[in-house]
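Close look at the chain arrangement
The residues making up each chain are set out below.
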2 protein chains.
Amino acid sequence: MIAIEIPDGSPFGVDNLPYGVFSAARDAPRVGVRVGDSVVDLAAALGEEVFAAPTLNPFMAQGYDRWVRVREQVTALVAGDVPDGAVHAVRDVTLHLPIDVADYVDFYASEHHASNVGRLFRPDAEPLLPNWKHLPVGYHGRAGTVVVSGTDVVRPSGQRKAPTDTAPSFGPSVRLDIEAELGFVVGTGTPLNAPIPVDDFVRHVFGAVLLNDWSARDIQAWEYVPLGPNLGKSFATSISPWVVPILALEAARIPLPGQSDPEPLPYLRETGPWGLDVDLVVEWNGEEVSRPPYREMYWSPAQMLAHMTVNGASSRTGDLYGSGTISGPEKGQRGAFLELTWGGKEPITVKGEERSFLLDGDEVVITGTAPGAGGGRIGFGEVRGRILPAR
Amino acid sequence: MIAIEIPDGSPFGVDNLPYGVFSAARDAPRVGVRVGDSVVDLAAALGEEVFAAPTLNPFMAQGYDRWVRVREQVTALVAGDVPDGAVHAVRDVTLHLPIDVADYVDFYASEHHASNVGRLFRPDAEPLLPNWKHLPVGYHGRAGTVVVSGTDVVRPSGQRKAPTDTAPSFGPSVRLDIEAELGFVVGTGTPLNAPIPVDDFVRHVFGAVLLNDWSARDIQAWEYVPLGPNLGKSFATSISPWVVPILALEAARIPLPGQSDPEPLPYLRETGPWGLDVDLVVEWNGEEVSRPPYREMYWSPAQMLAHMTVNGASSRTGDLYGSGTISGPEKGQRGAFLELTWGGKEPITVKGEERSFLLDGDEVVITGTAPGAGGGRIGFGEVRGRILPAR
């Protein structure tokens, strides 16, 4: 038996305890909890088969009461001694996609982002469309191309047409971008025709991840009317390997910035607020270029879930939904390079070079932290991706 | 042993042999092939475990060569005597959703439909947007709400705002509609960054189904800018229980109506055409109201698949993609009531009543047939759905 050391100030203290899927040496992938710089093998430590699975889905499907109970068990476990064989150093394991993604929906919940994109894509119109403050606008993305942090992203090819071109051409995207987001993972779904009330968020959503919704702006701009983004986004969406339990985010809850004009329809009115005080940091080739503040988001994840199911749509264990790009009011808080460089017209300096969109070999790392119950900050880890040349 | 009788002119003759998933009495769902008015239990008849599964996915994942071989085996089987216990009357079995849907994408491949909808939704602009003839426009839908024919559809509620309203209101959709489509089922996918060439369609797509993309036009019209349809469609998509093998559709192949102005980019150019001469019939409460002709579709399913993966997006066994509403040039060939009644302004007579959109209790049945190799017509069966009142 060994005691797990937690370095002072670790973002993976006992008030975090995020879940992931790891493999050590030649063992099959299985569920682990991160504590400090260690991973606890839950199947070995708790002796339950549900944690020997290659995704979190079987455990998540057991429901809210189990999530609470297991969190208590793990808290007790890591406070004492843990069986030797159940503890691995994070640096010695491989981290895998933690969930089997059912449906993937991406929202558009930052007023600053939606306004910036509106100004860039539709310069002659009101930046915010009439529906935007009445409902959390979102669309379905490609569940099959959600990948775990560290997966390289091959530059996508596709059709692009600049406004000055007479016809579209085919080739590698030259406006490859990121979108820094949070993603929310549904633990237990609902059948058809059983909408999830906005206040039931905590009973259905298991946890949150960092999410990078890679976006080929040139492909997107040409294809997106009238049915929304498709190929401009569907090539890859990266998520962080550690799923931070919603139960760990109680101390991060804050009011939303404001929804008084207009007031949302009753099905979107929260009793307790689910604004979240999560700070993201975007690094481009190792240089910090932005600090997107989640607290600025107009719509809460509880409102997104209520909206997504209000028409009777069912939801499933493993459903993943993104917040949409997180952008604050300041330039240095924008979560997409499209906004940060104003459509490429105002390049920024990265490692001494003028840059607008992603070049081959570039690496983007998004990290995030939030207030934890212990008075310090808990971490989301990172979502990392490097651009490989088009094939 | 018994010989299976096939009634004269049956759309389920030996040149069809569609696959589905059925259960008899209290047995677990398993794979069957429809022959005449019978279902052959493939696990029982061929003694292979892959057919004892509750979806076609394990069999589809075995790949093209196996699809060819099993079709030969089944053809030989039904030409002779089949073990008694392996044959059920269709009327005695329950039919289930035949596939575990991975990602669901819906295209918009009918020029007549896209033009009609453009005129209705954007009356002051060109009906066809500039990208439409350059690429098959499509979007991701909700895989989790794909249901099998016969599943009742509860009228969805959501936000609607008529142009004359000052603010949106919440309530049951009052413009509930259908979209008569074909759906294509991916049998074997591809990893990331391995686009499927347009001519490899037949090696990746296992079969086709009838698809009804139920659409709440009032919800859709309010929500769809700028990211496309979401709640207006995500409550239900119905498919027929029988998956007609692409191998059975060779005799239905025809040229596309024309793609010379503009010519598609090289990655969309087919060597052999995958236009399909499938005739659909739409019945509303038992009265035929439309005959959508698939031969009029601008983009082929092979082009849709090539486009969907050209950016490096992976594809998976069980991916489903819809053609989009099938509408021909004539009024009686329109595959959505939105078009058939011109936005509700030109009601049609159904069973003696003036009707525009769906009322509670209405039932819609879409059937389809195509030329078969035997000189007659093969059938897709039907996709049926009844509207229940909003909850």
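Residues numbered from 1 in each chain as written. Chains lettered and ligands numbered in written order. Predicted model: local features only at pLDDT ≥ 70, side-chain atom pairs only at ≥ 80, totals over all residues. Heavy atoms only, no water.

Another aspect to go through is the pairing of strand β15 (residues 180-186) of chain B. All names here are of chain B. Most of β15 sits out of view: seven of its seven residues are buried. Pairing geometry for β15 and strand β16 (residues 205-212), over seven bridges, is antiparallel. Residue pairing in the sheet places Ala180 in a bridge with Asn212 of β16. Relative to strand β24 (residues 320-322), β15 runs antiparallel, the two being bridged by three bridges. In the sheet register, Val185 faces β24, and the bridge partner there is Leu320. (Buried < 20%, exposed > 50% of the residue type's maximum accessible area, 1.4 Å probe, protein only. Helix = DSSP H or I, 4+ residues; strand = E, 2+ residues; numbered from the N terminus. Pairing = 2+ DSSP bridges.)

Least-squares fitting of chain B to chain A yields an RMSD of 0.0 Å, with the transformation described by 0.0 Å of translation along the axis and a rotation of 180 degrees. Here the two chains are linked by the operation of a two-fold rotation axis. Identified as the residue of chain B closest to the rotation axis by C-alpha distance is Gly228 of chain B, at 2.1 Å. Comparing interface residues between copies, 100% of those in chain B also lie at the interface in chain A; the contact surface is shared. (Least-squares fit on C-alpha atoms with pLDDT ≥ 70 in both. Contact = heavy atoms within 4.5 Å.)

Residues and elements named next belong to chain B. Across the sheet, five strands lie side by side as β6-β4-β3-β2-β7; this open sheet has antiparallel pairing. Sheet topology places β6 (87-89) and β7 (93-96) at the edges, where each strand pairs with a single neighbour. If you compare each strand with its neighbour and ignore which way they point, the axes differ by 45 degrees on average. Alignment of strand β2 (residues 19-24) against strand β3 (residues 30-35), held across four bridges, turns out to be antiparallel. Bridge pairing in β3 places Tyr19 opposite Val33. (Axes fitted to C-alpha atoms, helices over the stretch in contact; angles between N-to-C directions.)

Residues and elements named next belong to chain A. Structurally, chain A comprises domain 1 (2-96) and domain 2 (104-388). Computed from C-alpha coordinates alone, the two centres of domain 1 and domain 2 are separated by 28 Å. Counting residues at the interface gives 26 residues for domain 1 and 27 residues for domain 2. With both sides pooled, the region where domain 1 packs onto domain 2 buries about 2,100 Å², and carbon together with sulfur makes up 71% of that total. Salt-bridge contacts for Arg203 lead to Asp65; the nearest nitrogen and oxygen are separated by 3.8 Å. Summed over the shared surface of domain 1 and domain 2, the result is five residue pairs in polar contact (both at pLDDT 80 or more). Contributing elements (two or more residues each) for the side of domain 1 that touches domain 2: β2 (19-24), β3 (30-35), α2 (57-60), α3 (64-79) and β7 (93-96). Here the side of domain 1 that touches domain 2 takes five residues from α3, the largest share from any one element. (Domains from an automatic or database assignment. Buried area = accessible area lost by both parts, 1.4 Å probe. Salt bridge = Lys/Arg side-chain N within 4 Å of Asp/Glu carboxyl O. Polar contact = N/O pair within 3.5 Å; in protein donor to acceptor, adjacent residues only side chain to side chain.)

Residues and elements named next belong to chain A. Of all nine residues in helix α7 (residues 301-309), nine are buried, a share of seventy percent or more. Those residues of α7 not exposed but buried are Pro301, Ala302, Gln303, Met304, Leu305, Ala306, His307, Met308 and Thr309. On the buried face of α7, the contacting elements are β8 (104-107), β15 (180-186), α5 (201-204), β16 (205-212), β21 (275-276) and β24 (320-322). Residue Ser300 occupies the N-cap position of α7, its side-chain oxygen lying 3.2 Å from the main-chain nitrogen of Ala302.

Of all hydrophobic cores here, the largest spans 147 residues; its most connected members are Phe184, Leu249 and Tyr321 of chain A together with Phe184, Leu249 and Tyr321 of chain B. Once you skip the residues sitting within four places of it in the chain, Leu249 of chain A turns out to touch Ala208, Val244, Leu276, Ala370, Ile378 and Phe380 of chain A. (Core = buried A, V, L, I, M, F, W, Y, C linked by side-chain atoms within 4.5 Å.)

Before going further, it helps to examine the interface of chain B and chain A. The parts lose accessible area when they come together, and the size of an interface is often stated as this lost area. If you look at the interface, chain B gives 53 residues, while chain A gives 53 residues. Interface of chain B and chain A: buried area, both sides summed, is about 5,200 Å²; carbon and sulfur atoms make up 59% of it. At the surface where chain B touches chain A, the tally comes to two salt bridges. Linking chain B with chain A are 30 residue pairs in polar contact (both at pLDDT 80 or more). Of all the secondary-structure elements, those providing two or more residues to the side of chain B that touches chain A are β9 (138-141), β12 (157-160), β13 (169-172), α6 (217-223) and α7 (301-309) of chain B. Looking at the side of chain B that touches chain A, the element that brings in the most residues is β9 of chain B, giving four residues.

Using the criterion set out here, one finds 32 aromatic pairs over all chains in the structure. Look at Phe107 of chain A and Tyr321 of chain A: their rings are 6.0 Å apart centre to centre, the planes differ by 80 degrees, and that puts the pair in the edge-to-face class. Of this pair, Phe107 of chain A sits in strand β8 while Tyr321 of chain A sits in strand β24, and the two are 214 residues apart along the sequence. An aromatic cluster is built from Tyr19, Phe51, Phe59, Tyr64, Trp67 and Phe206 of chain A, whose rings are joined through pairwise contacts. Between Arg253 of chain B and the ring centre of Trp274 of chain B, over which it is positioned, the NZ or CZ distance is 3.8 Å. (Phe/Tyr/Trp six-rings, centres within 6.5 Å; stacked < 30°, edge-to-face > 60°. Lys NZ or Arg CZ within 6 Å of the ring centre and 35° of its normal.)

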